[in-house]
Amino acid sequence: MDRVSAFDEPLKKLLGGATAKVMAEHLDLHTVGDLLHHYPRRYEERGRLTALTELPLDEHVTVVAQVVDARIMMFNNGRGKRLEVTLTDGSGRLQLVFFGHGVHKPHKELLPGRRAMFAGKASVFNRKMQLAHPTYQLLDANDEDEATEAVDAFAGQLLPIYPACKQLDSWRIAKAVDTVLPSAQDAVDPLPPALREGRGFVPLPEALLRIHRPHTKADIAAARDRLRWDEAFVLQVALARRRYADAQLPAVARRSVSGGLLDAFDAKLPFTLTEGQQKVTGEIFGDLATEHPMHRLLQGEVGSGKTMVALRAMLTVVDAGGQAAMLAPTEVLAQQHHRSITEMMGELAEGGMLGGSDRGTKVVLLTGSMGVPARRQALLDLVTGEAGIVIGTHALIEDKVQFHDLGLVVVDEQHRFGVEQRDALRSKGKQPPHLLVMTATPIPRTVAMTVFGDLETSVLDQLPAGRSPIASHVVPAKDKPHFLSRAWERVREEVENGHQAYVVCPRIGDDADEAGKKKGKKAAPEDDAEKRPPLAVLEIAEQLAKGPLAGLRVEVLHGRMPPDDKDDVMRRFAAGQADVLVATTVIEVGVNVPNATAMVIMDADRFGVSQLHQLRGRVGRGSAPGLCLLVSEAHEASPARARLSAVAATLDGFELSRIDLEQRREGDVLGQAQSGVRSSLRVLSVIDDEEVIAAAREEAVRVVADDPGLERLPELRTALDALLDKDREEYLDKG
């Protein structure tokens, strides 16, 4: 069998159809390679293995014990029978129970005095610990000494405990691994020999043997170090090759021009840029001046001034004779960006118009819901080059939209766009345009190096002067209803002081929303209107307007309103013509109303950590301090409440993103975990292994620069092909 095909051998050839079927359906293991990369989750040691007194409840356990007694019990007037077996290991006793037709075989085999290994889920019945219908393997031989030796040898080892399923226990997986373990010798080692030797790693076949059948804890550590590095390195090579390929594409260099639009814009700025903005701008301008496309991720806290940095990059491109397009995920956000950019630019955004500046350009908006005449004019302005800047939604991607000379694409809130959309917009340039991706969701450095590893990263971590602190508090509505009453009093106080407030709900509450309502948790029977606030925008707006906020101007905003109505509500709120805006998460990104100082988030435990942080960033944008109240009915000791307390305790988005990641774990960095794709990261942790990822990235860059096609490293190419199946390749494309 050649070296590659040994790992590709289907499991059903070696293990038999039934076992292979369970492995494929429940553990997503199909080949010898899949099973060899299904590593033990932990290892049991002899003392822990045999102590029946320490069995963890509701966990799959494996025990070695001796049968003390076994008896058949009848129930249901003799119609039913069960076999009860009592085990001991010297430290304690454990009951086994088998029902129905399943009693015959164990009744014959589990005789008093016999020893066996048992696996099942530990539960309590009638105040006794028991395993119901465990699987077992007899360990005793004919000779008592041999039996003792077998058990001692077995229990003396580090016993691997595999990620298992109900249909297949850990020890049966271990037996299957024994069958395929000889194939570990055929493992294709992806690491270049010099790298492996330089870092003192064991060869891959040896690492696989040690992780599955370790003799010592040092074996496990050496195997994990090696396998962790492989995962990081192969992934970083994939990303480095992508960056290298992008760097080979031609692009038009867009260099700064003195005395142009950017200088005129800077001259009218009423404030100076923060140090962070200046540093990041330098990185972006450096990229724009090169003859291959910029691919840069700009991440910065809510309100750190990303839009200002992006606008100055767009003006540089316009000065250099090109056009810039900004892609926003929602119409509300596109309109908001258009409004704030035209306000910041003033007469510079009215090029060619009466009263416009000689140095100005046109800034046009393009969304799906625009009227035909306005849309036609916008398309004309783009194709003639009259408009230097366009801000729009997915409508920008349509075939009809053509540019005179597209030089820069700015994508806001990157995670909402797929690769097809990003590429469709990029293909509208004569040559690939430069790309700037922005996100206000702080991403830990390790995740940026993996998930966004094909982009260079810039971080804005300073807030501009004049931003106010935001106080955050959890409001336990169920335990302390008077806290909720006080929350509405605080909103009223903010309004009386001349400010405005947001109330955010997870649901809209119209008929079309009923399906979503059914998916949500059912209200407990004791929840009544006094105790439990309605979770929907339309219901809560009505309740507030008639109750605690009566007399205030309460408006609603949600995603299913006609676009003109949405824009109208946002304009009125921004102009101070409404006191309280009850909204869904449509206000999560980009909405900028400095006079809004308070936010109440209903059912806050239904939102993710970074989403809560994003929402909170809508207040405290002016000179007055902000207030964010997280209303929850979750129990004080619940994980949901712990999450809310973490959000209330810090305004540091990077710290929160780390907490969020620890709670969710990383899923599959290269494929959405929810699609059922088994994680490609089995040993590597995106949370804990920052040094490994950073070092692997450096090595990967060096290897790819030296041999972009990996011609001299066929083993590494093979490992890459195995990692990047079609789904993962596409996911990587999406960034």
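Residues numbered from 1 in each chain as written. Predicted model: local features only at pLDDT ≥ 70, side-chain atom pairs only at ≥ 80, totals over all residues. Heavy atoms only, no water.

## So, the overall build of the protein chain
- Broken down by element type, the protein chain carries 28 helices and 21 strands.
- Sequence-distant contacts, at least 24 apart, represent 73% of the contacts inside the protein chain between residues at least 6 apart. (Helix = DSSP H or I, 4+ residues; strand = E, 2+ residues; numbered from the N terminus. Contact = heavy atoms within 4.5 Å.)

## Quick notes on the nonpolar core
- Of all hydrophobic cores here, the largest spans 39 residues; its most connected members are Ile284, Met314, Met345, Ile389, Leu408 and Leu436.
- Residue contributions to this core peak at 9 residues, all from helix α14 (residues 306-319).
- Not counting chain neighbours up to four residues away, the residues in contact with Leu408 comprise Leu288, Met294, Ala313, Met314, Val317, Gln323, Ala324, Ala325, Pro433, His434, Leu435 and Leu436.
- Counting residues in each nonpolar core, the second largest holds 33 residues, with Val22, Leu29, Leu36 and Val202 among its members. (Core = buried A, V, L, I, M, F, W, Y, C linked by side-chain atoms within 4.5 Å. Buried < 20%, exposed > 50% of the residue type's maximum accessible area, 1.4 Å probe, protein only.)

## Some points on the packing of helix α13 (residues 275-288) against α14
- Direction vectors running N to C along α13 and α14 enclose 30 degrees, while the axes themselves pass 10 Å from each other. Classified by the angle their axes make, α13 and α14 are roughly parallel. Regarding α13 and α14, the two cross each other, and that crossing is right-handed. Taking contact as the criterion, the partners of Gln277, Val280, Thr281, Ile284, Phe285 and Leu288 in α13 are, on α14, Met308, Val309, Arg312, Ala313, Thr316 and Val317. (Axes fitted to C-alpha atoms, helices over the stretch in contact; angles between N-to-C directions. Parallel < 35°, antiparallel > 145°, perpendicular 65-115°, else oblique. Left-handed = near helix turned anticlockwise from the far one by under 90°.)

## Here's the deal with the environment of Gln377
- Checked against the element boundaries, Gln377 lands in helix α16 (residues 372-384).
- For Gln377, a relative accessible area of 39% puts it in the partly exposed group.
- Each C-alpha atom of the pair Gln377 and Val364 lies 9.2 Å from the other, and the pair is 13 residues apart in sequence.

## Considering the packing of aromatic side chains
- With the rule as written, the count across this model stands at 5 aromatic pairs.
- For the pair Phe118 and Tyr136, a centre-to-centre distance of 6.1 Å together with 40 degrees between the ring planes defines the contact as tilted. With Phe118 in strand β5 (residues 115-125) and Tyr136 in strand β7 (residues 135-138), the pair connects residues that are 18 residues apart, well separated along the chain.
- By relative accessible area, which is 15% here, Tyr136 ends up buried.
- Ring centres 5.6 Å apart and planes at 35 degrees place the aromatic pair Phe201 and Trp229 in the tilted group. (Phe/Tyr/Trp six-rings, centres within 6.5 Å; stacked < 30°, edge-to-face > 60°.)

## Comments concerning the environment of Leu195
- Here Leu195 is to be found in helix α9 (residues 193-198).
- Looking at Leu195, the relative accessible area reads 9%, which means it is buried.
- Considering only alpha carbons, one finds Leu195 and Glu699, 504 residues apart in sequence, at a separation of 8.3 Å.
- Leaving out residues up to four positions away in the same chain, Leu195 has contacts with Trp229, Phe233 and Glu699.

## Quick notes on the packing of α14 against helix α15 (residues 331-345)
- Here α14 crosses α15 at 65 degrees, and the two axes come no closer than 12 Å. By the angle between their axes, α14 is roughly perpendicular relative to α15. Between α14 and α15 lies a crossing whose hand is right-handed. For the pair formed by α14 and α15, the contact residues are Thr307, Met308, Leu311, Met314 and Leu315 on the first element and His337, Ile341, Met344 and Met345 on the second.

## Examining the sheet that holds strand β19 (residues 580-583)
- Strand order in the open sheet formed by 6 strands is β16-β21-β20-β17-β19-β18, with parallel pairing between adjacent strands. This sheet does not close on itself; its edge strands, each paired only once, are β16 (470-476) and β18 (554-557). Looking at each pair of strands side by side, their axes are set apart by 20 degrees on average, direction ignored.
- Where strand β20 (residues 596-601) and strand β21 (residues 626-632) come together, 4 bridges link them in parallel fashion. (Pairing = 2+ DSSP bridges.)

## Here's the deal with the pairing of strand β17 (residues 500-504)
- For β17, the tally of buried residues reaches 5 of 5 residues, placing the bulk of the element in the interior.
- In this sheet, β19 lies alongside β17 in parallel orientation, the contact comprising 4 bridges. Looking at the pairing, Val503 lines up with Val582 of β19.

## Description of the sheet that holds strand β13 (residues 406-412)
- Strands sit in the order β11-β12-β10-β13-β14-β9-β15 across an open sheet of 7 strands; the sheet is parallel. Edge strands, defined here as strands with exactly one partner in the open sheet, are β11 (362-366) and β15 (456-460). With strand direction ignored, the average angle separating the axes of adjacent strands in the sheet is 20 degrees.
- Two strands pair when backbone bridges link them, and strand β9 (residues 295-300) and strand β14 (residues 434-439) are joined in this way by 5 bridges, in the parallel orientation. Within the sheet, the bridge partner assigned to Gln299 lies in β14 and is Thr439.

## A look at helix α21 (residues 537-546)
- By the burial criterion, the buried members of α21 are Val537, Ile540, Ala541 and Leu544. Here the buried residues of α21 occupy an arc of 105 degrees about the axis, which is enough to place them on one side.
- In this structure, the buried side of α21 is in contact with α19 (481-496), β17, β18 and β19. (Arc of directions from axis to C-beta.)

## Considerations on unusual backbone geometry
- Phi is positive for His133, close to 45 degrees, though the residue is something other than glycine.
- Structurally, His133 is set in the loop between β6 (128-132) and β7.
- You will see that Leu710, though not glycine, has its phi angle at about 55 degrees, which is positive.

## Some words on the pairing of β14
- β14 sits mainly inside the fold: 6 of its 6 residues count as buried.
- Burial of the side chains of β14 extends over both faces: His434, Leu436 and Met438 are buried on one face and Leu435, Val437 and Thr439 on the other.
- The pairing of β13 with β14 spans 5 bridges and is classified as parallel. Residue pairing in the sheet places Val411 in a bridge with Val437 of β14.

## Here's the deal with helix α22 (residues 563-574)
- Between its terminal C-alpha atoms α22 stretches 16 Å, which fits the 16 Å expected from 12 residues at 1.5 Å a residue.
- When α22 is considered as a whole, its buried residues turn out to be Lys566, Asp567, Val569, Met570 and Phe573. For α22, the arc enclosing every buried residue in end-on projection is 160 degrees, short of the 170-degree limit, so these residues lie on one face.
- Close packing links the buried residues of α22 with α15, β17, β18, β19 and β20.
- Positioned one or two residues after α22, Gly576 has a phi angle of 80 degrees, which is positive. (Expected span 1.5 Å × (residues − 1).)

## Points about the confidence of the model for the protein chain
- Per-chain confidence: the protein chain averages 81 in pLDDT, with 83% of residues scoring 70 or above.
- At the level of individual helices and strands, the protein chain shows its lowest average pLDDT in helix α20 (residues 514-519), which scores 45, and its highest in β17, which scores 94.
- Low pLDDT, under 50, characterises residues 513-534; the predicted model gives this stretch 29 contacts beyond four residues in sequence or across chains.
- Counting contacts from residues 665-679, a segment whose pLDDT is below 50, to residues more than four positions away or on other chains yields 41 contacts. (pLDDT = per-residue confidence, 0-100.)

## A few points about the environment of Gln278
- Its place among the elements puts Gln278 in helix α13.
- With 182 residues separating them in the primary sequence, Gln278 and Leu460 have C-alpha atoms 9.8 Å apart.

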